[in-house]
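# Chains, contacts and geometry: an overview
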Amino acid sequence: MTYNVDLEVCAVLFLVLLCVISQTRKKLEGYQSMVFQIYLYLVLASNVLDIVATSCLPYYDTLPAWINWGINAIFLTVQMSLPVIFVMYIYRKLPKTTGLERKMISLCCIPSAVGQILCLTSPLHHLIFYFDGSGYHHGPMHIYLYTNVAFYMIVSLYLAIRWRKQLGWREFPLLFTMIGIPALAVIVQFAMPQVMLAGVGSALSVYIMYFMVESNVSLLDPITGALNRKAMTDAVERDLKAGKLEDIYAVAPDNFKLINEMYGLEGGNEILSELAKAMMKAFGDKKVFRFGGDTFAILAEKGNTDTLDRLRDLIGRIYHIGDAEVRVTACVGLVHASNHPVEELVSAIEYAVAEAKARGKGQFFEVEETAAEEMVRKKAIEQTMMQNIREGHFEVHYQLIYDIRRKGFYSMEALARLNVPNYGYVSPEEFIKIAEKNGSITQLGMLVLEECCRFIRESDLHARGIDFIEVNLSMVQCMQPEIHKDVLRIMQKYQVPTHMINFEVTESVAASSEELLIRNMERFTEQRIHLSLDDYGSGYSNINYLVDLPFSIVKIDKYVVWAAMKNETSRIILGNTIRTFKNIGLRVVAEGVEDQEMADMIADMGADYIQGFFYSRPVPKEKILERLKEEKGSDAEEEEN
Ligand code: C2E
Ligand code: CA
Ligand code: CA
């Protein structure tokens, strides 16, 4: 039989090229990459040995016997090791495997080990191959080589198909081809031994492997040359698994926006890439990642105690943008990896940077263990809140407000409620802040308004003595240019007359006296939607905003009321304040009234209305209706008497 090794020679050339490419490119760390490197070199070695062995065959009778036997034994042994490494590689690529599969994979080494021993010892027993006077021959167990390959191909296919969903539709076809091509090559080789295809097959699979994961083109940030966020998550996962990762430092240059404004986007990019270069030089280019925007992350292994000092040294340096020299200072956040579940690490880094930045230029912030729990809680709150918003429903409780003169309830305040799984009801003080931060407060506010309108319409509140519902408006909502249109649309949808809704605007919002705010508030009053000033006395000494903003009700903050209970001076001030408001034609509500004594004091001071736990706690609408029914019943009784 004559063998043609042209294809094998081509494969060797391509494999050498791949060795060069993978050496010059930044190599990724990790077990999987190591397996890849081993596979690459073994495939190369196997192909070279194959060419040498095949080329020697015609000259078997002129070559020393030990060369004939030795080359073939080594070649076949190396070839035998390829499939098992291939399976190992695929196994490492999979997201998670079960305990049984892990055991099976370990057992999988056995057929390959047996094959290797058989090949290496074939000169003794002639089972795989042998030489005689007419040259090279397959031994009676040569078929074992093919069944061995077939076995590993089946295992690989099983793993790939079993995990196809987790691999996703981008990676699964690649993995499938990676297994399929060498399998096909081996089948052809089996049917036509003179066509040398097995080596080409494994070379192709190495190429697919490289471009699938080992090539880090998709893992580099094009602007700074550092590894990107995707590479960071991979590295974090890998280092955590290996028990190496200790800390993550997040570095963000100060005033980066200003740098961008002064030197343009390109100048900003230049600074980022200079900083990245300096950090990569100091910490190694596999440890520095562009986390996103202006933030870098540095992974510090256990025992690296001087990372912060080395960072501080880099941060104070002068960097160049063209001819200009810029001293770059930066904030640093520190996250202890073991304090957080893996999926929380990214938020922990974001949190660390945000907190450091909030403290000022060049500041350092370390995320404590307790903050980790707090972050998980915040996340749960945000998730539940966003889910409610997506589903278009928000729970609202109502707190009745008492009219001192009429001796009955005349209005109520709508208070948003959020029941978070595992945490129970959380305070609106907490989730409203989150909603303001992530921009969902507008939708949340509209859902609360809609719920109120539904309540007014369904239960005919007007007939039950309720003049209007007080709805809280946050700063963000007040500054929405189209807010009045949205509000009117909802009220029209439920055919609720505009005077049935009062909006509460807190003192802190009113004090900003923004023009857009004033215009929006005027539009409300034009539509007969009245406004209440909420939390009066909570810290703004200047009340000039009362001149510009058309409030009809003032709500005295509960802390002011509580202070008046305790202290004579505060009591005199509160009495005078209430009188002043009455004199300029405003009606006054006192908040936070918790007992009879407080109620009496407020009534004596001449306030109009009282809101507080003494009269009613915030409760669901069904409870409100029951309460209003009871009140009506007792009113009727009083009249009869
Ligand atoms: P707020 O507007 O000052 O609402 C009154 C808060 O005082 C309510 O707390 C209420 O339960 C509480 N309160 C009423 N009477 C008493 C009392 O006698 N004693 C004590 N200790 N507390 C009393 P809540 O429901 O926790 O709401 C807190 C804040 O959350 C509200 O303060 C308001 O600023 C905000 N908020 C609630 N719902 C919404 C909403 O739908 N939209 C917006 N933008 N903010 C809301
Ligand atoms: Ca309020
Ligand atoms: Ca209030």
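## A look at the overall build of the protein
Broken down by element type, the protein carries 25 helices and 18 strands. Relative to the compact-globule value of 26 Å for 641 residues, the protein shows a C-alpha radius of gyration of 38 Å, a clear excess of over 25%. Expressed as lengths along the three principal axes of its C-alpha atoms, the size of the protein is roughly 130 × 65 × 40 Å. In the protein, which comprises 641 residues, the share counted as buried stands at 48%. In the protein, 71% of the contacts between residues at least 6 apart in sequence involve partners at least 24 apart. When the accessible area of the protein is evaluated, it comes to approximately 31,600 Å², of which 57% is carbon and sulfur surface. In the protein, 63 positive and 80 negative side-chain charges are present, and the distance between their average locations comes to 3 Å.

## Things to note about the packing of aromatic side chains
Taken as a whole and judged by the stated rule, the model has 21 aromatic pairs. Geometrically, the ring pair formed by phenylalanine 14 and tyrosine 207 is edge-to-face, given 6.2 Å between the ring centres and 80 degrees between the ring planes. Remark: tyrosine 207 occurs in helix α9 (residues 198–214) and phenylalanine 14 occurs in helix α1 (residues 6–24); sequence separation between them is 193 residues. Here phenylalanine 614 and tyrosine 615 contribute two aromatic rings whose centre-to-centre distance is 4.9 Å and whose plane-to-plane angle is 75 degrees, an arrangement assigned as edge-to-face. For phenylalanine 614, a relative accessible area of 31% puts it in the partly exposed group. Using a relative accessible area of 15% as the deciding quantity, one classes tyrosine 615 as buried. Cluster of aromatic residues (ring-pair linked, three or more members): Trp69, Phe129, Phe131 and Tyr136. In this arrangement the basic side chain of arginine 229 is found over the ring face of phenylalanine 291, its NZ or CZ atom lying 4.2 Å from the centre. We note arginine 312 situated over the ring of phenylalanine 364; from NZ or CZ to the ring centre the distance is 5.7 Å.

## Section: the environment of leucine 40
Relative to the elements of secondary structure, leucine 40 occurs in helix α2 (residues 31–56). Residues leucine 40 and methionine 479, spaced 439 residues apart in sequence, show a C-alpha to C-alpha distance of 62 Å. Beyond its immediate stretch of four places on either side in the chain, leucine 40 contacts Leu15, Leu18, Cys19, Ser22 and Val206.

## Digging into the site of ligand 1
As a matter of local geometry, ligand 1 sits amid 23 residues, with Gln399, Arg417, Lys558, Glu594 and Phe613 nearest to it. Within the side chain of aspartate 535, a nitrogen or oxygen atom sits 3.2 Å from an oxygen atom of ligand 1. Look at ligand 1: alone it shows 790 Å² of surface, and the protein chains cover 87% of it. Breaking the shell around ligand 1 down by element, the ones donating at least two residues are β11 (408–420), α15 (428–438), β15 (530–536) and α22 (558–566).

## Some thoughts on the coordination of the calcium ion (ligand 2)
Surrounding the calcium ion (ligand 2) are the protein donor atoms Glu413 (OE), Asn472 (OD1), Glu504 (OE) and Asp534 (OD), at 2.1 to 2.3 Å. All donors of the calcium ion (ligand 2) belong to a single chain; written as a sequence motif, their spacing is E-x58-N-x31-E-x29-D. In this structure the calcium ion (ligand 3) is found 3.9 Å away from the calcium ion (ligand 2), and aspartate 534 serves as a bridging donor for the pair. Taken together, the residues span a long stretch of sequence, with glutamate 413 in strand β11 and aspartate 534 in strand β15 at a distance of 121 residues. We note that glutamate 413, like aspartate 534, is buried.

## A short note on the sheet that holds strand β5 (residues 295–301)
Here we have five strands laid out as an open sheet, ordered β4-β5-β3-β8-β9, and mixed in their pairing. In this open sheet, the two edge strands, each paired with only one partner strand, are β4 (288–292) and β9 (364–367). In this sheet, adjacent strand axes meet at a mean angle of 25 degrees when their direction is disregarded. Its contacts with the sheet put helix α11 (residues 256–283) on β3 (245–253), β4 and β5, and the angle it makes with β5 is roughly 15 degrees. In the packing of helix α12 (residues 307–315) onto the sheet, the strands contacted are β3, β5, β8 (330–336) and β9, and the crossing angle to β3 comes to about 15 degrees.

## Regarding the nonpolar core
With 81 residues, the main nonpolar core has Ile469, Phe503 and Phe551 as its most contacted residues. Among the elements that make up this core, the one with the highest residue count is helix α16 (residues 441–459) (10 residues). Discounting residues that sit within four places of it in the chain, isoleucine 469 has contacts with Tyr398, Met412, Ala414, Cys452, Phe455, Ile456, Leu461, Met500, Ile501 and Asn502. Ranked by size, the runner-up nonpolar core spans 44 residues in total, among them Val43, Leu82, Ala198 and Met209.

## Quick look at unusual backbone geometry
Most peptide bonds are trans, and most residues other than glycine sit at a negative phi. Look at histidine 126: it is not a glycine, yet its phi comes out positive at around 60 degrees. Along the polypeptide, histidine 126 turns up in the loop between α6 (122–125) and β1 (129–132). For histidine 126, a relative accessible area of 32% corresponds to the partly exposed category. For aspartate 535, which is not a glycine, the phi torsion comes out positive at approximately 55 degrees. Within the secondary structure, aspartate 535 is located in strand β15.

## A look at the pairing of strand β2 (residues 135–138)
Each regular strand displays side chains that alternate between the two surfaces of the sheet. Here four bridges tie β1 to β2, and the two strands are oriented antiparallel to one another. If you follow tyrosine 130 over to β2, its bridge partner there is histidine 137. Where β1 folds back onto β2 in an antiparallel hairpin, the turn is made up of two residues.

## Some words on the pairing of strand β16 (residues 553–556)
Judged by which residues are buried, β16 turns out to be covered on both faces: Ile553 and Lys555 on one side and Val554 and Ile556 on the other are all buried. Examined bridge by bridge, β15 and β16 share three bridges and lie parallel to one another. The residue bridging tyrosine 536 from the neighbouring strand is isoleucine 556, located in β16. Direction of pairing for β16 relative to strand β17 (residues 587–590): parallel, over a ladder of four bridges. Across the sheet, isoleucine 553 pairs through a bridge with arginine 587, a residue of β17.

## Focus: empty space enclosed by the protein
Applying the stated criterion across every chain, the model contains three cavities of 30 Å³ or more. The space that makes up the largest cavity amounts to roughly 550 Å³. Sorting the residues of the lining of the largest cavity by element identifies α2, α3 (65–93), β2, α7 (143–162), α8 (164–191) and α9 as the ones contributing at least two each. With eight residues, α3 is the largest single contributor of residues to the lining of the largest cavity. Its residues assigned to classes, the lining of the largest cavity comprises 20 nonpolar, eight polar and one charged.

## Focus on a nonpolar patch on the surface
Where nonpolar side chains cluster on the molecular surface, the patch consists of Leu107, Ile110 and Val114 and spans about 270 Å² of accessible area. With respect to the secondary-structure elements, leucine 107 resides in helix α4 (residues 99–107). Residue leucine 107 is classed as exposed on the basis of its relative accessible area of 53%.

## Section: the pattern of salt bridges
What the rule picks out here adds up to 27 salt bridges. Here aspartate 294 makes a salt bridge to lysine 357, at a shortest N to O gap of 3.3 Å. With aspartate 294 in the loop between β4 and β5 and lysine 357 in helix α13 (residues 345–358), this pair connects stretches of sequence that are 63 residues apart. Taking relative accessible area as the criterion, aspartate 294 reaches 14% and is therefore assigned buried. By relative accessible area, lysine 357 is classed as partly exposed at 39%. The network of salt bridges with shared partners includes Glu450, Glu451, Arg454, Glu458, Lys493 and Lys621.

Scoring rules and cut-offs
- Residues numbered from 1 in each chain as written.
- Chains lettered and ligands numbered in written order.
- Predicted model: local features only at pLDDT ≥ 70, side-chain atom pairs only at ≥ 80, totals over all residues.
- Heavy atoms only, no water.
- Helix = DSSP H or I, 4+ residues; strand = E, 2+ residues; numbered from the N terminus.
- Rg over C-alpha atoms; globule rule 2.2 N^0.38 Å.
- Buried < 20%, exposed > 50% of the residue type's maximum accessible area, 1.4 Å probe, protein only.
- Contact = heavy atoms within 4.5 Å.
- Areas by Shrake-Rupley, 256 points an atom, 1.4 Å probe, with all protein chains shown as cover.
- Lys, Arg positive; Asp, Glu negative; His and termini not counted.
- Charge placed at Lys NZ, Arg CZ, Asp CG, Glu CD.
- Phe/Tyr/Trp six-rings, centres within 6.5 Å; stacked < 30°, edge-to-face > 60°.
- Lys NZ or Arg CZ within 6 Å of the ring centre and 35° of its normal.
- Near = heavy atom within 4 Å.
- Polar contact = N/O pair within 3.5 Å; in protein donor to acceptor, adjacent residues only side chain to side chain.
- Donors = N, O, S within 2.8 Å, 3.2 Å for Na, K, Ca; no water.
- Pairing = 2+ DSSP bridges.
- Axes fitted to C-alpha atoms, helices over the stretch in contact; angles between N-to-C directions.
- Core = buried A, V, L, I, M, F, W, Y, C linked by side-chain atoms within 4.5 Å.
- 1 Å grid on protein atoms, 1.4 Å probe; cavity = no way out; pocket = protein on both sides within 12 Å on 5 of 7 lines; lining within 4 Å.
- Points joined across faces, edges and corners; volume = space filled by probe spheres on them.
- Nonpolar A, V, L, I, M, F, W, Y, C, P; charged D, E, K, R; others polar.
- Patch = residues over 30% accessible without salt bridge, like charges linked within 9 Å, V, L, I, M, F, W, Y side chains within 5 Å.
- Salt bridge = Lys/Arg side-chain N within 4 Å of Asp/Glu carboxyl O.

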